[in-house]
Amino acid sequence: MSGHPTAAPSLAVPATPSIVIVGAGPRGTGVLERLAANLPELYGDRPLDLHLVDPHPAGPGRIWRTGQSPLLWMNSRAEDVTMFTDETVVLEGPVRPGPTLAEWSGIEGRAFPTRPEQGAYLRWAYERARASLPGSVTVHEHRTSALRVGGPREGRQRVWLRDAAAPLLADLVVLTVGHLDAEPDAEQRTLAGFAARHGLVHLPPDFTADTDLTALPAGEAVLVRGFGLAFVDLMALLTEGRGGRYEGEGDALVYVPSGREPVLHVGSRRGVPYRAKLGYVLDGERPPLPRFLGPEQTDALLRRTGPLDFRRDVWPLVDKELGWAHYHRLFAAHPERTALPWSDFEKAYAQAPPRGAELAALVAAAVPDPADRLDLDALDHPLDGLRYSSAEALQQGLRDHIDDDLTRRHDPAHSADAAVFDALLSVYGQLLRLGTRLGSDGWWHGFFSYLASGPPGPRLHQLLALSRAGVVRFLGPQVTVEADEERGLFRAGSPAVPGEWTEARALVEARLPDPTLEHTGSPLLRALYEDGARATTEGLLVVDPVDGRILGRDGRPHPRRFALGPHTTARAGGAFTRPRTGGFAFRQNDVTARAALTFLRDRACRSTVPLSA
C-alpha cells in the first residue's frame, strides 16, 4: 500500500483508551451522539480519546459540505430530517430528542432546503454532540484520510493516515465513511480511451458536485446516461448554474436561457426520471405494517439453508406487502372506487399466493379502475413496448408522462401511493435483517430509490420547462451508447424511436460509481479486503447485522472493528431519518456505540494493568 512505511515504527503506548471513527459526516456524527448518550451508564468518568478522521468538515462531511452550490437541494423536506432520537426508536440507550432541520433553521417545514443549509444543521448537531461529552473525553479531529487499518484481533489497532509518519492507536475502530469513489470499470476505461483518441469529453460516474463541468461547451449536444438524482444535480448546475433563470411557476414555468447551456440528451434503462416526491401528507388511517413481510417471515427466511434468491424468495413477499398497504388505504380512504367489502377482500388477499393469477383476479374484481391497481412491474418499466414515430413525438410523450406523474403525486385522491411509500420503508427494515443472505440486491435498491427517493416536484417542473425550451432532450428507455470510431463521436439511441441516433462529442455518466470490490477507490476498504474482511460481490463490506462488527471471510466478527453506512450490508434506507418513524439508523448507531463502550468497560474491569496496555 503506497503512502505507508513498510514496517511499523516503535510506538509509545498511551495510557488512555481510544476509539477512532473514520468518517465524520452524518453517520459518524450519529455514532458520536450515541457514544455521548451512553457514556454515563456504560463507561462512567473513565478517560477516553475519540479520534475523528475525515478530510472534510466534521458534521456535514463531503456530501453536505456548506461550501457547495446552493442550487443543489436536499431530496427531503425540512420537516422530514432529524439527527435526533425520539420515543419511536427502539433503543437500549437513552432517548435524547432534538429539533428537526425545519425547527432548528426556521425553514418552512414543507420546503426542500439547499445542501449548504443541511450542512449547517449537521455541523450544529456535531457540535452539540461533542459538547455533551464529559470532561473525561478528549476529541481529536484529523482533517485527512485514513488509508489502512492494521493490528491483531486481540490487540490495539493501528490506523494509518495520509501524510502521517506514525499511525493512530485505537482500541476500537468504527468506519462510517459513507459513499465512496470507485475506479473506472472496463466499459468506462474503453470509453475514456475512445474520448482521448478523438479529443472528446467523457465524464465517468462521480458525485456531480465534485465533477468539473467546464469541459462541456455551450450550445453543443451532450449525451447523458442516467436519469436519477445525479442527473437532477447536473441539470441544475448546467442551467441556472450557467446564468439561466425560470419565470412563472408550476405548469406555467418558463426557462429563459443564458446561451451558455449545453443541450442535454438524457436517457436511461427506464427512460424516465424517478417518481416525484409526494406533495401531500397522508392523513387518517394508515395501513398496519408489517403484514406479509415482517419479523415472522424474515425469521423464516433466515432459517433456510444456503443463500436466498431475491427475485424468487423475497420479491413475492415484498410485492404482496406493498399491495397490502396500497389496497388497505384505497378501501379505507376511497371506498367508492372499490367493488367488494373490505373484510371479504382482506381475507381473500391474505390467502392468495403472491404474484399469481388468483390474486390478479381478486384485484380485478375488487378494483374496477386499472389506474387504482398496483402493478409494480408496470411501474418499473413504464415505457416498455412503446414506440414513437419520431424524436419529437418522444419528447411530447415523455413530457406527458412526467406531467401525469406530477399530477398524481400531488393529488390526495391517489393517497394509496403514500401508503406504498410507508410500506417501502417497512420492507427496507426487514431486508436489512437478511443482510448478505440475499446475495445481489442491486436491482431492489434501484427500484426503491425510483419509487421512494425521487426529486421534489419543483425539480420536475423545471425539467419540463427545460424540455420545452430545447435545453433538455429525451432519448428514451433502454438507451444504448456507442463509440463510433469511424466518425469519432459518441452516439446514443433507444428502441422507443427505431433508427434514431443522437451524436455528440461529450458523454456524461450521471450516476454514482458502483461500490464494487474490484473497483473500489478507497485504499482503506481495499486494504481491509486484502486483510481478510468479507465483501459482497457488489463490494459492500459484510458486517454483523446485530452490532456492525466487520466479518472476516471465515465468518467471525472482528472484536475491534465496526462499520456502518452505505458501504456496508447494514446500510439503512434513505440518507436521513424522518422524525417519529422508528429511526433504524439510530438503532444501529446505538447498538454499535453500546457495544464499543461495553467492550472498553469490560476490558478495564478484567485487567489489573492499564486499559490500553
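Residues numbered from 1 in each chain as written. Predicted model: local features only at pLDDT ≥ 70, side-chain atom pairs only at ≥ 80, totals over all residues. Heavy atoms only, no water.

### Looking at helix α5 (residues 229-238)
Piece 1. The buried count for α5 comes to nine of ten residues, which makes it a mostly enclosed element.
Piece 2. Every buried residue of α5 is listed here: A230, F231, V232, D233, L234, M235, A236, L237 and L238.
Piece 3. Turning to α5, the residues buried within the fold contact α3 (115-131), β9 (221-225), β12 (263-267), α14 (457-468), β13 (472-476) and β17 (506-509). (Buried < 20%, exposed > 50% of the residue type's maximum accessible area, 1.4 Å probe, protein only. Helix = DSSP H or I, 4+ residues; strand = E, 2+ residues; numbered from the N terminus. Contact = heavy atoms within 4.5 Å.)

### Side note on unusual backbone geometry
Trans is the common state for peptide bonds, and a negative phi is the common state for residues other than glycine.
Piece 1. The omega angle of the peptide bond from L289 to P290 is -5 degrees, so this bond is cis rather than trans.
Piece 2. Looking at where P290 falls in the secondary structure, it is placed in the loop between β12 and α6 (295-303).
Piece 3. Backbone geometry at R580 places phi at a positive 60 degrees, although glycine is not the residue there.
Piece 4. In this structure, R580 sits in the loop between β19 (557-563) and α16 (584-606).

### Concerning the pairing of strand β16 (residues 501-504)
Piece 1. Residues of β16 alternate between two faces, with T502 and A504 buried on one and W501 and E503 left unburied on the opposite face.
Piece 2. Bridge count for strand β15 (residues 489-493) against β16 is four bridges, and the pairing is antiparallel. Within the sheet, the bridge partner assigned to A492 lies in β16 and is T502. (Pairing = 2+ DSSP bridges.)

### Considerations on the nonpolar core
Piece 1. Judged by nonpolar contacts, the single largest core of 71 residues is most densely connected at L216, V224, F231, W444 and L463.
Piece 2. Per-element tally for this core: the top contributor is helix α12 (residues 416-434), with eleven residues.
Piece 3. If sequence neighbours within four positions are ignored, V224 has contacts with F231, L234, L264, H265, V266, G267, L475, V508 and A510.
Piece 4. L172, F562, A595 and F599 belong to the second largest nonpolar core, which has 29 residues in total. (Core = buried A, V, L, I, M, F, W, Y, C linked by side-chain atoms within 4.5 Å.)

### Details of the pattern of salt bridges
It is possible for side chains of opposite charge to pair when their charged atoms get near one another.
Piece 1. Counting across every chain of the model gives 38 salt bridges.
Piece 2. For D531, the salt bridge is made with R561, and the minimal N-O distance between the two is 3.3 Å. Residue D531 is found in the loop between α15 (523-530) and β18 (549-551), and its partner R561 is found in strand β19; the two are separated by 30 residues along the sequence.
Piece 3. The structure contains a network of salt bridges with shared partners spanning R62, R65, D181 and D210. (Salt bridge = Lys/Arg side-chain N within 4 Å of Asp/Glu carboxyl O.)

### Structural notes on the pairing of strand β2 (residues 48-53)
Piece 1. Most of β2 sits out of view: six of its six residues are buried.
Piece 2. On β2, burial covers both faces: L48, L50 and L52 on one face and D49, H51 and V53 on the other are all buried.
Piece 3. Relative to β2, strand β1 (residues 18-22) runs parallel, the two being bridged by five bridges. Paired with V20 across the two strands is H51, which belongs to β2.
Piece 4. Pairing geometry for β2 and strand β3 (residues 137-142), over six bridges, is parallel. Residue pairing in the sheet places L52 in a bridge with E141 of β3.

### A few points about the confidence of the model for the protein
Piece 1. Residues of the protein with pLDDT of at least 70 account for 95%, and the chain-wide mean is 92.
Piece 2. Note on residues 1-14: pLDDT is under 50 here. Beyond four places in sequence and across chains, it has 28 contacts.
Piece 3. The model gives residues 608-613 a pLDDT under 50, and that stretch makes 16 contacts with residues more than four places away or in other chains. (pLDDT = per-residue confidence, 0-100.)

### Describing the environment of L322
Piece 1. Note on placement: L322 falls in helix α7 (residues 310-333).
Piece 2. Take L322: its relative accessible area is 0%, and that puts it in the buried class.
Piece 3. On a C-alpha basis, the gap between L322 and V427 in space is 8.4 Å, while along the polypeptide they are 105 residues apart.

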